[in-house]
Amino acid sequence: MIRISHLEDQPFALLPYKNAAPKNKGVQRNLLPVTAGRWTATTDVDQWLLASDLQGVALSPACGVDVLLGEALAEHAVFASWWPPGFDPARTGVLLAGDLFSAPSADVRGASGDVTDVWDAFAQQFACVVGVAGNHDLFDVPNWKRLRHLDSTCRLLDGDVATVGGLRIGGVSYVAGNPRRPGRIETDTWLGRLRAVVAADVDILVLHEGPTDARGKQGSLFVNDVLDDAGFDGLVVCGHRHWKRPLLDRGHQVVNVDSRALLLRSG
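Note that the structure is predicted; figures quoted are calculated from it, not measured. (Residues numbered from 1 in each chain as written. Predicted model: local features only at pLDDT ≥ 70, side-chain atom pairs only at ≥ 80, totals over all residues. Heavy atoms only, no water.)

### As for the sheet that holds strand β12 (residues 160-164)
Here's step 1: The sheet built from 6 strands is open, its strands ordered β12-β13-β16-β17-β19-β18 with mixed pairing. Either end of the sheet is taken by a strand with one partner, and the two such strands are β12 and β18 (247-250). On average, each strand axis in the sheet is tilted by 25° relative to the strand beside it, whichever way the strands run.
Here's step 2: Relative to strand β16 (residues 204-209), strand β13 (residues 167-172) is paired through 4 bridges, and the arrangement is parallel. Paired with I169 across the bridge in β16 is I204. (Pairing = 2+ DSSP bridges. Helix = DSSP H or I, 4+ residues; strand = E, 2+ residues; numbered from the N terminus. Axes fitted to C-alpha atoms, helices over the stretch in contact; angles between N-to-C directions.)

Following this line, the structure appears as structure tokens:
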């Protein structure tokens, strides 16, 4: 069973970015916290960077113009000096839990659009990248097929399992709900995909929206039911709804990386 054994109280880096203010009232400036921690995973790489809901734009350290926040974070793997000693993106995997788009002007809250450039930026800089699509993520058909069927260094999951970086990782893209709304899959269909992945005995389950609990950590009760019925004992990585404290223990652990990034090393 993979467990997160420690998370630092304070981030080691704060990446400035812009996103839409509430009710689309202009642009606000925020800081993306990048925090270190440790987990018990045994992998083929030195560490893993987990992130989700990178819905903003930030200055590219490579070209000096605004790009999607995820692209900027990926570029900082080689341009920034704030990474912990020994950090090497070529020995680091990436887990993405969805919602990586922002309107280019960062003034439209909840905008949807193509996030292929974010995936490609992480794939170019890091050893491997795997994850799911969120309800605001779009791909054209060729890129969806490409990312869904790449080799063990890059894989977009949707109801299936891949071995990436020495870990058995399953994922379900989008969220359950009314299929007439963007980024939502009919509930029974989505839950069927989730049950199939959970039954495949994965080390890590990546979802855009994860489970909930009675202590204010919002999520999906449908996910709770599936995980509890299956006796799931892996690690869940999710986003979609922000939790002030990212870690939840339900017997298995859930780590919510909405609007944050976590760098986890074994130990």
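### Considerations on the packing of helix α4 (residues 187-198) against helix α5 (residues 221-230)
Here's step 1: Relative orientation of the contacting elements α4 and α5 amounts to 30°, with a least axis distance of 10 Å. By the angle between their axes, α4 is roughly parallel relative to α5. Considering how the two elements wind past one another, α4 and α5 form a crossing that is right-handed. Note on element contacts: α5 touches α4 through F222, V223, V226, L227 and A230, opposite T187, W190, L191, L194, R195 and V198.
Here's step 2: Classifying every residue of the contact of α4 with α5 gives 9 nonpolar, 1 polar and 1 charged. (Parallel < 35°, antiparallel > 145°, perpendicular 65-115°, else oblique. Left-handed = near helix turned anticlockwise from the far one by under 90°. Contact = heavy atoms within 4.5 Å. Nonpolar A, V, L, I, M, F, W, Y, C, P; charged D, E, K, R; others polar.)

### So, the side chain of H76
Here's step 1: Assignment of secondary structure puts H76 in helix α1 (residues 69-79).
Here's step 2: Taking relative accessible area as the criterion, H76 reaches 14% and is therefore assigned buried.
Here's step 3: If we ignore the near neighbours within four places in the chain, the residues touching H76 are L15, L59, P61, W82 and W83. (Buried < 20%, exposed > 50% of the residue type's maximum accessible area, 1.4 Å probe, protein only.)

### A few points about α5
Here's step 1: Within the span of α5, buried status applies to V223, N224, V226 and L227.
Here's step 2: Residues of α5 that are buried sit in contact with α4, β16, β17 (235-239), β18 and β19 (252-256).
Here's step 3: Two residues or fewer past α5, G231 is found with a positive phi of approximately 65°.

### Observations regarding the pattern of salt bridges
Here's step 1: All chains considered together, the criterion is met by 9 salt bridges.
Here's step 2: A salt bridge links D120 to R146; the shortest N-O distance between them is 3.2 Å. Within this pair, whereas D120 is found in helix α2 (residues 116-125), its partner R146 is found in helix α3 (residues 141-148), the two being separated by 26 residues in sequence.
Here's step 3: Given the relative accessible area of 30%, R146 is considered partly exposed.
Here's step 4: Among the ionic pairs, D158 bridges to R193, the shortest N-O distance being 3.5 Å. Placement of the pair is D158 in the loop between β11 (154-156) and β12 and R193 in helix α4, with a sequence separation of 35 residues.
Here's step 5: You can call R193 partly exposed: its relative accessible area is 28%.
Here's step 6: Through salt bridges with shared partners, one network takes in R148, R155 and D160. (Salt bridge = Lys/Arg side-chain N within 4 Å of Asp/Glu carboxyl O.)

### Section: α3
Here's step 1: Every buried residue of α3 is accounted for by N143, L147 and R148. One side of α3 holds all its buried residues, which, seen down the axis, span an arc of 130°. Along α3, exposed side chains directed more than 90 degrees from the buried face belong to V141, P142 and K145.
Here's step 2: Looking at the buried residues of α3, the elements they touch are α2, β11 and β12.
Here's step 3: The N-cap of α3, judged by a side-chain oxygen 2.8 Å from the amide nitrogen of N143 a few residues on, is D140. (Arc of directions from axis to C-beta. Polar contact = N/O pair within 3.5 Å; in protein donor to acceptor, adjacent residues only side chain to side chain.)

### Some remarks on the side chain of N19
Here's step 1: Its location among the elements puts N19 in strand β2 (residues 13-20).
Here's step 2: At 2.8 Å, the side chain of N19 forms a polar contact with the side chain of N30.
Here's step 3: Aside from chain neighbours lying at most four places away, what touches N19 is G26, V27, Q28, N30, Q55, G56 and A106.

### Describing unusual backbone geometry
Here's step 1: Its identity as a non-glycine residue notwithstanding, A106 has a phi of 60°, on the positive side.
Here's step 2: Within the fold, A106 resides in the loop between β7 (92-96) and β8 (113-114).
Here's step 3: In this structure, H240 is a non-glycine residue whose phi angle is positive, near 75°.
Here's step 4: Within the fold, H240 resides in the loop between β17 and β18.

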